[in-house]
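Chain by chain, the residues run as shown.
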Amino acid sequence: MGGAIVAGNWKMHGTKQRALRFCQALGRADIRAEVEVVVFPPMAYLSLFAAATGGLAVELGAQDLHPLPEGPRTGDISGAMIAELGGRWALAGHSERRIHHGEDDALVAAKVGAALAAGLKPMLCVGETLEQRQANQAEAVVARQLRAVLDAVGVAWLSQGAIAYEPVWAIGAGVTAAPGQAEAMHGMIREWAASQGAQAVRVLYGGSVNQENAAELFSQPNINGGLVGGASLDAGSFLAIVAAAG
Ligand code: PEP
């Protein structure tokens, strides 16, 4: 298993100027080799990020991709296009896509397969809603989301890619899972993956991670870093979170 990963998901935020300033700040930072840093900018800025982070210990990814390699799918982006623009990763299954774009487990699995076919490392997001947690279904929901993908594409990719546990109720909410609560789910995910034959899995936590709570979350034995939304937009706070994983 590799070291920790800290990934920033810019969602649909930013401008060219902001992206450039962010990359310049990454360039001035001393990123420790044991932390893999990944940024998922808006697709419109992927080329800009690729040009501005060339030579830095930072990998880039896409927030979404289409499951087909090409075709009549207006507005969509293929894995090969992402790779050609400098992307190395692809998010799949982010709750905002599940909720706002109606993505179900089968589509998420197809997207993970498409990422792999294009040579991209998938970062698979899983997580339960508040209602599901309150109904004691959190583990069952996460297990179902994982099973759908692993049944479709196997487990071998997990040693290169990653799983991000992102409780939906903690995303963009300013509320984070308690470290023990997150750790319990991460332990379950790791055990489940091991039972499927995947021993080397990195399981990131996502949901209102910031520079105040990152160190405690990342110190949990089964938390291997984070997927960071809002706090990744500011280079200073993102780099502080990266430092908390080192
Ligand atoms: C995310 O978008 O994956 C995320 C975790 O967002 P936030 O950190 O803003 O909760």
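Described below are features of the structure shown in this document.

Rules and cut-offs
- Residues numbered from 1 in each chain as written.
- Predicted model: local features only at pLDDT ≥ 70, side-chain atom pairs only at ≥ 80, totals over all residues.
- Heavy atoms only, no water.
- Helix = DSSP H or I, 4+ residues; strand = E, 2+ residues; numbered from the N terminus.
- Rg over C-alpha atoms; globule rule 2.2 N^0.38 Å.
- Buried < 20%, exposed > 50% of the residue type's maximum accessible area, 1.4 Å probe, protein only.
- Contact = heavy atoms within 4.5 Å.
- Core = buried A, V, L, I, M, F, W, Y, C linked by side-chain atoms within 4.5 Å.
- Near = heavy atom within 4 Å.
- Polar contact = N/O pair within 3.5 Å; in protein donor to acceptor, adjacent residues only side chain to side chain.
- Areas by Shrake-Rupley, 256 points an atom, 1.4 Å probe, with all protein chains shown as cover.
- Pairing = 2+ DSSP bridges.
- Right-handed = clockwise from strand over helix to strand, strands pointing away.
- Expected span 1.5 Å × (residues − 1).
- Salt bridge = Lys/Arg side-chain N within 4 Å of Asp/Glu carboxyl O.
- Axes fitted to C-alpha atoms, helices over the stretch in contact; angles between N-to-C directions.

On to the overall build of the protein chain, then. Looking only at helices and strands, one finds ten helices and eight strands in the protein chain. Computed over C-alpha atoms, the radius of gyration of the protein chain comes to 17 Å, within 12% of the 18 Å expected from 2.2 N^0.38 for 246 residues, which places it in the range of a compact globule. The principal-axis extents of the C-alpha atoms in the protein chain amount to approximately 45 × 45 × 30 Å. A total of 246 residues make up the protein chain; the buried ones form 52% of that total. Contacts in the protein chain between residues far apart in sequence, at least 24 positions, make up 73% of those at least 6 positions apart.

So, about the environment of Val 175. In this structure, Val 175 sits in the loop between β6 (162-165) and α8 (179-195). Measuring from C-alpha to C-alpha, the distance between Val 175 and Gly 225 comes to 18 Å, with 50 residues separating the pair along the chain. Val 175 has contacts with Trp 169, Ala 170, Gly 207 and Ser 208, leaving out every residue within four places of it along the chain.

For the rest of this paragraph, the subject is the nonpolar core. One finds Val 6, Val 39, Phe 49, Ile 189, Tyr 205 and Phe 218 to be the most contacted residues of the largest nonpolar core, which totals 67 residues. Here the element with the most residues in this core is α8; it accounts for six residues. Not counting chain neighbours up to four residues away, the residues in contact with Ile 189 comprise Val 126, Val 142, Leu 146, Ile 163, Tyr 165 and Val 203. Membership of the second largest hydrophobic core comes to twelve residues, among which are Ala 7, Val 38, Leu 91 and Ala 162.

Below, the discussion takes up unusual backbone geometry. Even without a glycine there, the phi angle at Lys 11 is positive, about 50°. Topologically, Lys 11 is positioned in the loop between β1 (4-9) and α1 (16-28). One non-glycine residue, Ser 208, adopts positive backbone phi at about 60°.

Here we take up the site of the ligand. Near the ligand lie 14 residues; those nearest to it are Lys 11, Glu 166, Gly 172, Ser 208 and Gly 229. Asn 9 places a polar side-chain atom, nitrogen or oxygen, 3.2 Å from an oxygen atom of the ligand. A distance of 2.8 Å separates an oxygen atom of the ligand from a polar atom in the backbone of Gly 229. A total of 290 Å² of accessible area belongs to the ligand in isolation, and the protein chains cover 96% of it.

Of the two faces of strand β7 (residues 203-206), both are covered, the one formed by Val 203 and Tyr 205 as well as the one formed by Leu 204 and Gly 206. Two elements, β6 and β7, share three bridges in a ladder whose sense is parallel. Looking at the pairing, Ile 163 lines up with Val 203 of β7. The handedness of the β6 to β7 crossover, carried by α8, is right-handed.

Turning to α8, a few remarks are in order. With 17 residues, α8 ought to run about 24 Å at 1.5 Å a step, and its terminal C-alpha atoms sit 24 Å apart, in line with that. In this fold, the buried residues of α8 make contact with β5 (121-126), α6 (130-134), α7 (138-153), β6, β7 and α9 (214-218). In the segment just after α8, Gly 197 is the residue with positive phi, at about 100°.

Tallying each qualifying case throughout the model produces ten salt bridges. Residue Glu 128 is joined to Arg 133 by a salt bridge in which the shortest nitrogen-to-oxygen separation is 2.7 Å.

In space, the eight strands of this closed barrel follow the order β1-β2-β3-β4-β5-β6-β7-β8, with parallel pairing throughout. Along the sheet, successive strands turn relative to each other by an average axial angle of 30°, direction set aside.

Let's shift gears to the side chain of Gln 145. Note that Gln 145 resides in helix α7. With sequence-adjacent residues up to four places away left out, Gln 145 is seen in contact with Arg 98, Asp 105, Val 126 and Gly 127.

Function cannot be inferred from these measures alone, as they are strictly geometric.
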